Amino acid sequence: MTAEPLVLGIETSCDETGVGIVRGRTLLANVIASSMDEHARYGGVVPEVAARAHLDAIEPTLHAALAEAGVTLDELDAIAVTSGPGLAGALMVGIGAAKGLALATGKPLYGVNHLVGHVGADLLRPPAAADGTAPGDPTAASADRGELELPTIALLVSGGHTSLLLVRDLIDDVELLGETIDDAAGEAFDKVARLLGLPYPGGPQIDRAAADGDPRAIRFPRGLTAPKDRDRHRFDFSFSGLKTAVARTVEAARDRGDDVPVGDVAASFREAVADVLITKALDACAEHGVPRLLLGGGVVANARIRGLAEERCAAAGVTLRIPPLSLCTDNGAMIAGVGAALVAAGRAPSPLDFAADSTLPVTSVRA
Amino acid sequence: MLLAIDTSAGTSVAVVDGPDRVLAQLDEPDTRSHAERIGTLIAAALADAGVTPREIDAVAAGLGPGPFTGLRVGIAAARAFALGIGRPVVGVPAHEAVALDRPGPVLVVTDARRRELAWSGFGTASDSALASGGGVDARLPRLVRGPELVLAADADALFAALAAESGPLAGAERIDAPVIPAGPLGLLAERHRTAGSASSVLEPLYLRAPDVTLSAGPKRVTA
């Protein structure tokens, strides 16, 4: 099998319909249709709304990705699709489409782990001609970002996940060190935004409001950082207590008849999230003797989280890697990337009857 | 040659050749394994029929009504298979496959879950068309009403009333369909193609809006 396989990847685990195409590690297309606007009025992703939108979007997104990459289906070496973790009904649209496409074209099909996909995003390189990042992307990398060195600690933070991984090998050795035991960090941003009367999605809104606030104004709790949590939850996260603490602060201000100090609350909340994320990630680096940290997931768009990671990694002598933002949010290219790595390593395709697994563990890189 | 896929109830895949011949049909009655079974059933139906994907001229997709999560798997697979071979998709309401070739008026009834039934009423093929020599058009089911939802508890009374009325549903027979067979679905799609009445509408017949209510705002956490 070729070392530079041409692979199409399909991602439908949450509210983004993503189709990407890679040749080995070279990114050829990354097309995303998002149903985010349809969820805004509900204040969060509604699974049935997301699944309906995937079915509407999957075919146009496939066409758009093939056109963007300038390749035909015949040329593909394989097809990859997210098999989990994620919203079951949303995953199933992608899996149904991927199986139909694979059978029609006779191409091998790989079910791929979504979280490992976020790590794999860092392997992808833009084609020599363009750098493949969106205009104004604050994380747009220069043409040569160097190679991802392994092992690395990976911190994946999105609306659905908050996970800390130890990656020794992308397709053979990914270990889950910890994850959220309640809300995902992105979900906490959405819920706190609602408490403050700000629209969905909460991340950019909190970022904007926090610009005028003092991050030290209110000392919000850092979940699972007490000495008693060190044994069982050293690398786990919890944001539900933080969310409640914010609600108490907001309610107390309103009960007194005061204006809610939106800027201070937003800045102090964001600081609490950033602090606990980066503290635990660097603790994992220290514990495992791995001086490398990779960030992934949509919450990486948050400027303060990136900023604090840069500051603390520099101080700790840890090399920080952040893929371009267009590859941090959910996308099909990262799934194609893992698929290409599996093909290049000579791995067998997934059995044709693989299922959507909403809680697929990171140890299952391939379905 | 046409590949037909339906996941309105269980999973059913068929290959049909022209408007009257089912070459292969495979059924999985389980209503909770569409994503798992869709691939193996497509592969098995093609193998049983001795047909390669390149020999397929069109794909028929059953549009429900049916439980949404499973229903979407078949429609997504049908669309993507058609894209993969560069051929069109024909959308077919699943109830029509059950009504196909019935001699008299029928009420097709399927489980819509949550103590509701989905139903469609079909009259007989138009007498004038039959009298004038029939033709393909006369062999297509005539949808008179539906698909609609009815509370299971109210269904008997509704259907009795419809069958008692004069009109196209007079004396209609009730057919409760636990499965939707892809064979008749494919034959129906072929007849529509021949009659020039194939539908390019591929939206699932959801019949229900997404189950979600707008929040009244965050709940108070302090007493």
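Up top you'll find the structure we're talking about.
Residues numbered from 1 in each chain as written. Chains lettered and ligands numbered in written order. Predicted model: local features only at pLDDT ≥ 70, side-chain atom pairs only at ≥ 80, totals over all residues. Heavy atoms only, no water.

**Looking at the environment of L103(A)**
Thought 1: Inspection of the secondary structure assignment puts L103(A) in helix α3 (residues 88-105).
Thought 2: When the C-alpha atoms of L103(A) and G298(A) are compared, they prove to be 32 Å apart, with 195 residues separating the residues in sequence. (Helix = DSSP H or I, 4+ residues; strand = E, 2+ residues; numbered from the N terminus.)

**Details of the interface of chain A and chain B**
Thought 1: In this assembly, 37 residues from chain A lie in contact with 38 residues from chain B.
Thought 2: Taken together, the two surfaces of chain A and chain B that pack against each other cover about 3300 Å², and 66% of this comes from carbon and sulfur.
Thought 3: For the pair chain A and chain B, the number of links is four salt bridges.
Thought 4: Where chain A touches chain B, the interface holds nine residue pairs in polar contact (both at pLDDT 80 or more).
Thought 5: Contributing elements (two or more residues each) for the side of chain A that touches chain B: α2 (47-69), α3, α5 (185-195) and α8 (240-255) of chain A.
Thought 6: Broken down by element, the side of chain A that touches chain B gets its largest block of residues, twelve residues, from α3(A).
Thought 7: Taken together, the residues of the side of chain A that touches chain B sort by class into 19 nonpolar, six polar and twelve charged. (Contact = heavy atoms within 4.5 Å. Buried area = accessible area lost by both parts, 1.4 Å probe. Salt bridge = Lys/Arg side-chain N within 4 Å of Asp/Glu carboxyl O. Polar contact = N/O pair within 3.5 Å; in protein donor to acceptor, adjacent residues only side chain to side chain. Nonpolar A, V, L, I, M, F, W, Y, C, P; charged D, E, K, R; others polar.)

**Regarding the packing of helix α9 (residues 262-288) of chain A against helix α10 (residues 303-316) of chain A**
The angle between the axes and the distance between the axes are what describe a pair of packed helices.
Residues and elements named next belong to chain A.
Thought 1: Running from N to C, α9 and α10 cross one another at 40 degrees; their axes reach a closest spacing of 9 Å. Our classification of the angle between α9 and α10 gives oblique. Pair α9 / α10 crosses with right-handed handedness. Contacts between α9 and α10 pair R270, E271, V273, A274, D275, L277, I278, T279 and L282 from the former with R304, I305, L308, A309, R312 and C313 from the latter.
Thought 2: Tallied by class, the residues present in the contact of α9 with α10 amount to nine nonpolar, one polar and five charged. (Axes fitted to C-alpha atoms, helices over the stretch in contact; angles between N-to-C directions. Parallel < 35°, antiparallel > 145°, perpendicular 65-115°, else oblique. Left-handed = near helix turned anticlockwise from the far one by under 90°.)

**Quick look at the sheet that holds strand β4 (residues 78-84) of chain A**
All names here are of chain A.
Thought 1: Pairing in this open sheet of five strands is mixed, and the strands run β3-β2-β1-β4-β5 from one edge to the other. Only two strands of the sheet have a single neighbouring strand rather than two, namely β3 (26-34) and β5 (109-113). Strand-to-strand twist across the sheet, computed as the mean angle between neighbouring axes with direction ignored, equals 20 degrees.
Thought 2: Pairing of β4 with β5, which is carried by five bridges, proceeds in the parallel orientation. From the neighbouring strand, T82 faces β5, where its bridge partner is V112.
Thought 3: Along the sheet, α2 makes contact with β1 (6-11), β2 (16-23) and β3, crossing β2 at roughly 25 degrees. (Pairing = 2+ DSSP bridges.)

**A word on the packing of aromatic side chains**
Thought 1: Under the definition given, this model contains four aromatic pairs over all chains.
Thought 2: With a centroid separation of 5.1 Å and an interplanar angle of 90 degrees, the aromatic rings of F68(B) and Y206(B) are classed as edge-to-face. Residue F68(B) is located in helix α2 (residues 68-85), and its partner Y206(B) is located in the segment after α6 (182-195); the two are separated by 138 residues in the primary sequence. Neither F68(B) nor Y206(B) differs from the other in exposure class; each is buried.
Thought 3: Taking the ring centre of F354(A) as reference, the NZ or CZ of K99(A) above it sits at 4.6 Å.
Thought 4: For the cation-ring pair, K280(A) lies above F237(A), with the distance from its terminal atom to the ring centre recorded as 5.9 Å. (Phe/Tyr/Trp six-rings, centres within 6.5 Å; stacked < 30°, edge-to-face > 60°. Buried < 20%, exposed > 50% of the residue type's maximum accessible area, 1.4 Å probe, protein only. Lys NZ or Arg CZ within 6 Å of the ring centre and 35° of its normal.)

**Section: the side chain of T82(A)**
Residue and element names in this part refer to chain A.
Thought 1: As for its position among the elements, T82 is in strand β4.
Thought 2: Within the local environment of T82, its side chain forms a polar contact with the side chain of E11, the two groups lying 2.6 Å apart.
Thought 3: Among all residues touching T82, those that are not within four sequence positions of it are I10, E11, S13, L91, I95, V112, H114 and I335.

**A short note on the sheet that holds strand β4 (residues 58-62) of chain B**
Residues and elements named next belong to chain B.
Thought 1: If you walk across this open sheet you meet the five strands as β3-β2-β1-β4-β5, and the pairing is mixed. Two strands close off the open sheet at either side, each with one partner strand: β3 (21-28) and β5 (89-92). The mean inter-strand angle of the sheet, taken between neighbouring strand axes irrespective of direction, is 15 degrees.
Thought 2: The sheet contact formed by strand β2 (residues 11-17) and β3 spans seven bridges and is antiparallel. Its bridge partner being in β3, V16 is matched across the sheet by V22.
Thought 3: With respect to the sheet, α6 is in contact with β1 (2-6), β2, β3, β4 and β5, its orientation differing from that of β1 by roughly 130 degrees.

**So, helix α6 (residues 202-210) of chain A**
Thought 1: Along α6(A), the residues classified as buried are G202(A), Q205(A), I206(A), D207(A), A209(A) and A210(A).
Thought 2: Buried residues in α6(A) make contact with α5, α9 and α10 of chain A.

**Focus: helix α1 (residues 34-49) of chain B**
Thought 1: With 16 residues, α1(B) extends 21 Å from end C-alpha to end C-alpha; this agrees with the ideal 22 Å at 1.5 Å per step.
Thought 2: Looking at α1(B), one finds that the buried residues are H34(B), A35(B), I38(B), G39(B), L41(B), I42(B), A45(B), L46(B) and A49(B).
Thought 3: Summarising the contacts, the buried residues of α1(B) are in contact with α3 of chain A together with β1, β2, β3 and α2 of chain B.
Thought 4: Of the residues trailing α1(B), G50(B) is marked for its positive phi of about 70 degrees. (Expected span 1.5 Å × (residues − 1).)

**Quick look at the packing of α3(A) against α2(B)**
Thought 1: Relative to each other, α3(A) and α2(B) sit at 30 degrees, their axes nearing to 7 Å. Overall, the two elements α3(A) and α2(B) adopt an arrangement that is roughly parallel. The two elements α3(A) and α2(B) cross, and the hand of that crossing is right-handed. For the pair formed by α3(A) and α2(B), the contact residues are G89(A), M92(A), V93(A), G96(A), A97(A), G100(A), L101(A), L103(A), A104(A) and T105(A) on the first element and T69(B), R72(B), V73(B), A76(B), A77(B), A80(B), F81(B), L83(B), G84(B) and I85(B) on the second.
Thought 2: Along the lines of polarity and charge, the residues of the contact of α3(A) with α2(B) split into 13 nonpolar, six polar and one charged.

**Observations regarding the pairing of β5(A)**
Thought 1: Counting buried residues in β5(A) gives five out of five residues, a clear majority hidden from the surface.
Thought 2: In β5(A), alternate side chains face the same way, and those of L109(A), G111(A) and N113(A) on one face and Y110(A) and V112(A) on the other are all buried.

Everything listed is a geometric property; what it means functionally is a separate question.
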